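# Coordinate inspection notes
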Amino acid sequence: MDTAVIEKTRARELEFLAQSMQFYGPDVIGLYGIAGVGKSTLLNQFATLYPSRCFKINCQQIEPTPRAFLQCLQQITVSDEASLSSISSALDAATTSTPPVLLLDQFESINLIESWLRQECMPALLGRIRLIFCGRLLPANQWIINPSPELNYLSLKLECLSFNDSIRFLQAQGHSVSAALGINQFANGHPLALRLASNAVLERPQRQLSEQPPNNIIHSLVRFFIEDIHDPELQQALLACSVIRRMTEPLLKAMLLCTHSQANKLYEDLAQIDFVEVNEDGLSLHEVLKKTLSSDLKSRSPQQFSVFRQRASQQIRTELESASLGQMWRYTADIIYLVENSVIRNAFFPPNDQRKYSIEPACEADKQSVMAIITNHEPQQAISIYEYWWQKHINAFHCVKDTQGKIAGFYCLLKTTEILTHQLDEDPITKAWVTHLNETEAPDGNNTEHIFIRRWLSLDKGESLSGVQAACWLDIKRIYLEMRPQLKRVYLTLQDLQPYAPAALELGFQVLDIEVDIDGIPYYSAMLDMGEESVIGWVSKRLLHELSGQEPIITRPSWFDVDARQIRTSHSQIDLTPLEFNTLSLLISHQEEVVSRKLLLKEVWGIEHNGSSNVVDTIIRSLRRKLGSNSTHIQSVRGTGYRFNVDA
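Residues numbered from 1 in each chain as written. Predicted model: local features only at pLDDT ≥ 70, side-chain atom pairs only at ≥ 80, totals over all residues. Heavy atoms only, no water.

The chain goes by OmpR/PhoB-type domain-containing protein in an unreviewed UniProt entry, where it is assigned to Vibrio superstes NBRC 103154.

Okay, here's the thing in structure tokens:
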């Protein structure tokens, strides 16, 4: 939406956010709503209204750890150190009397540190800074039911546009009242659907938008969006964007096997498309379009989807080898995004729009509730062990709280660098882990760290699979990131390994030959060795494991020079026309598959055609002449199209 339309249609919402500019305004505002409802657009407009006080941060570009967030605040406040005390001092020394306002867009990307923001960051900076965070996820109830002292919090759910605002927006886009009524009947006030539908009708005024279930509306509109892009190479570039987290020129070149100049041109064209956001680290396709296009590509052309993933994986891992420490998170996030294993990917990129639990560091007031859970699920002899850890390292305990603020479970996690060896010897399970570590891990000087996940228990289900257990592991992934690149091994214990065995083995855990008996109850152990590359090495291994089960990457013949757009023979280099080059590229990318004339017309010529056409046959004949002895690779499939046979 343009600026004028936003000011009219979102005036109430902008006024609500403007409370953060008032002297006694709220310290924190949580803005949330369904995907595509216009949250980022609203936040951008708010920033333009108050440019001197607003600092917008795209959370997708930040590692979800306190360390990375503080580094971001250090740059904004120009403080001496990336610490809360230094940032607080820098804000106190600022000449302005009004606190700056941080606008955190795509907040779900860093929801792993939401508890830290609420409990530590904002209380330390109270009165010195304001915060507006914006995302799909409903803000944690703890902001309301368990706020930090004196912190004033408000939340706002962004709804779809009203009927009148929808019609006003569509008229501003150039539609008549009658056309606007028809479009809104289809889009029902959903801002993204309105924009897509508006573009679809403006591109083809005779296009009819038929009524259909809400879940299919966006899918249909995205299909129109792709159809209306007539450049087949640009279409392919958009599909490539849908597979990855962010697109860069080198990545585009690698995924499409094009020249540097072509990648540069396509990158510039992508940046001009509505729904493509230009960030400092690359281009990002609107998340709703990305998911829709990616899902459609995977079902329609699984081989092409696989090829894109593999080429992207190779390029990212190549660039990672020379990445600086400051760039490490971007590449880590890129690799995590490619991983389809839900246990890994969902932990770092949560797919759900609501959460039942939040994780809080334990305090003395929580002891009775935690010990009650332990008493219900652990043998009597084990209680004294937990009492010992609570006394020595209360910070090892993390409480899982439900939407009412009640403790529904906990986990206890020990970091080997923070625990004295003689303390670990007091617990038979951690003692066994130390012994195993000493016997199997050669000492090094790289400050290697390990974590012992001593236990997780739910109030209702103990160690069993549950929402509490999932919340624990989500928070533990944050600790993984905080400890990289030093983190190497993770140890855990269970009374019953069987329910977790499939997922654990898939994630790389090994069941150890360790059995510890406590009060007649056997406890078994498992260990994850991330290797020398820590978290990123672990994730890369999981991605390679996935990709190894797919079809190998399609390689182009040595005589096909993509960069020069030529066919090389022993005597000469033969130039290809754009139609010849695109036709040959498409056949090779689908090698061993039959490519229909209809698909060639659509992908190469950019036209929809169901009848007969000899333009494809003409280009094939021309290609075969230029290929000479290699022309046998292109085989005719009678009545259908052509196939590129590698072995012919």
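## Quick notes on the environment of Lys356
Checked against the element boundaries, Lys356 lands in the loop between helix 18 (342-348) and strand 8 (358-361). Along the primary structure Lys356 and Ser384 are separated by 28 residues, whereas in three dimensions their C-alpha atoms are 31 Å apart. When neighbours within four sequence positions are excluded, Lys356 is seen to be in contact with Lys401, Asp402 and Thr403. (Helix = DSSP H or I, 4+ residues; strand = E, 2+ residues; numbered from the N terminus. Contact = heavy atoms within 4.5 Å.)

## Some points on a negative patch on the surface
A cluster of acidic residues, Asp513, Glu515, Asp517 and Asp519, forms a negative patch on the protein surface. Take Asp517: it is sitting in strand 13 (residues 509-518). (Patch = residues over 30% accessible without salt bridge, like charges linked within 9 Å, V, L, I, M, F, W, Y side chains within 5 Å. Areas by Shrake-Rupley, 256 points an atom, 1.4 Å probe, with all protein chains shown as cover. Salt bridge = Lys/Arg side-chain N within 4 Å of Asp/Glu carboxyl O. Lys, Arg positive; Asp, Glu negative; His and termini not counted. Charge placed at Lys NZ, Arg CZ, Asp CG, Glu CD.)

## Concerning the environment of Glu319
With respect to the helices and strands, the residue Glu319 is situated in helix 16 (residues 302-320). Once the C-alpha coordinates of Glu319 and Leu251 are considered, the two residues, 68 residues apart in sequence, prove to be 9.6 Å apart. Excluding residues that lie within four positions of it along the chain, Glu319 makes contacts with Pro250, Leu251 and Tyr331.

## With respect to a nonpolar patch on the surface
Taken together, the side chains of Phe163, Val177 and Leu181 make up a nonpolar region of the molecular surface, amounting to roughly 270 Å² of accessible area. Tracing the backbone shows Leu181 in helix 9 (residues 177-187).

## Here we look at the sheet that holds strand 4 (residues 130-135)
An order of 2-3-4-1-5 is seen for the five strands of this open sheet, with the pairing classed as parallel. Single-partner strands in this sheet number two, and they are strand 2 (54-58) and strand 5 (153-157). Across this sheet, the average inter-strand angle for adjacent strands is 15°, counted without regard to direction. Judged from the five bridges that link them, strand 2 and strand 3 (residues 101-105) form a sheet pairing that is parallel. Pairing of Phe55 across the sheet is with Leu102, part of strand 3. (Pairing = 2+ DSSP bridges. Axes fitted to C-alpha atoms, helices over the stretch in contact; angles between N-to-C directions.)

## Here we look at the pattern of salt bridges
This structure, assessed with the given rule, holds 35 salt bridges. Linking Arg330 and Asp281 is a salt bridge whose minimum nitrogen-to-oxygen distance equals 4.0 Å. Linking Arg330 in helix 17 (residues 328-338) with Asp281 in the loop between strand 6 (276-279) and strand 7 (282-285), this pair joins segments that are 49 residues apart in sequence. Between Glu482 and Arg478 there is a salt bridge, with its nearest N and O atoms 2.8 Å apart. Of this pair, Glu482 and Arg478 both sit in helix 23 (residues 467-483), separated by four residues, roughly a single helical turn. Judged by relative accessible area, Glu482 falls into the partly exposed class, the value being 23%. (Buried < 20%, exposed > 50% of the residue type's maximum accessible area, 1.4 Å probe, protein only.)

## A short note on the pairing of strand 11 (residues 449-458)
Burial analysis of strand 11 places ten of its ten residues in the buried class, the great majority of the element. Pairing of strand 10 (residues 407-415) with strand 11, which is carried by seven bridges, proceeds in the antiparallel orientation. Residue pairing in the sheet places Leu413 in a bridge with Ile453 of strand 11. Across five bridges, the pairing between strand 11 and strand 12 (residues 487-494) is parallel. Residue pairing for strand 12: Glu449 is matched across the bridge by Leu487. Read as a crossover between parallel neighbours, the route from strand 11 over helix 23 to strand 12 is right-handed. (Right-handed = clockwise from strand over helix to strand, strands pointing away.)

## Quick look at the packing of helix 12 (residues 232-243) against helix 15 (residues 287-300)
Contact geometry of helix 12 with helix 15 gives a least axis separation of 8 Å together with a crossing angle of 100°. What the angle tells us is that helix 12 and helix 15 run roughly perpendicular. Residues Leu238, Leu239, Cys241, Ser242 and Val243 of helix 12 touch helix 15, and the partners they reach there are Lys290, Leu293, Ser294, Leu297 and Arg300. Looking at the contact of helix 12 with helix 15 residue by residue, the classes come out as six nonpolar, two polar and two charged. (Parallel < 35°, antiparallel > 145°, perpendicular 65-115°, else oblique. Nonpolar A, V, L, I, M, F, W, Y, C, P; charged D, E, K, R; others polar.)

## Remarks on the side chain of His398
Relative to the assigned elements, His398 resides in strand 9 (residues 397-401). Among residues more than four places away in sequence, those in contact with His398 are Ile359, Glu360, Pro361, Ala362, Gly409, Phe410, Tyr411, Asp475 and Arg478.

## Regarding the sheet that holds strand 9
One open sheet holds the seven strands; their spatial order is 8-9-10-11-12-14-13, and the pairing between them is mixed. Each edge of the sheet is formed by a strand with only one pairing partner; in this case those strands are strand 8 and strand 13. The sheet shows a mean angle of 25° between the axes of neighbouring strands, taken without regard to direction. Bridge count between strand 13 and strand 14 (residues 521-529): seven bridges; the pairing is antiparallel. Counterpart to Asp517 in the pairing with strand 14 is Pro522.

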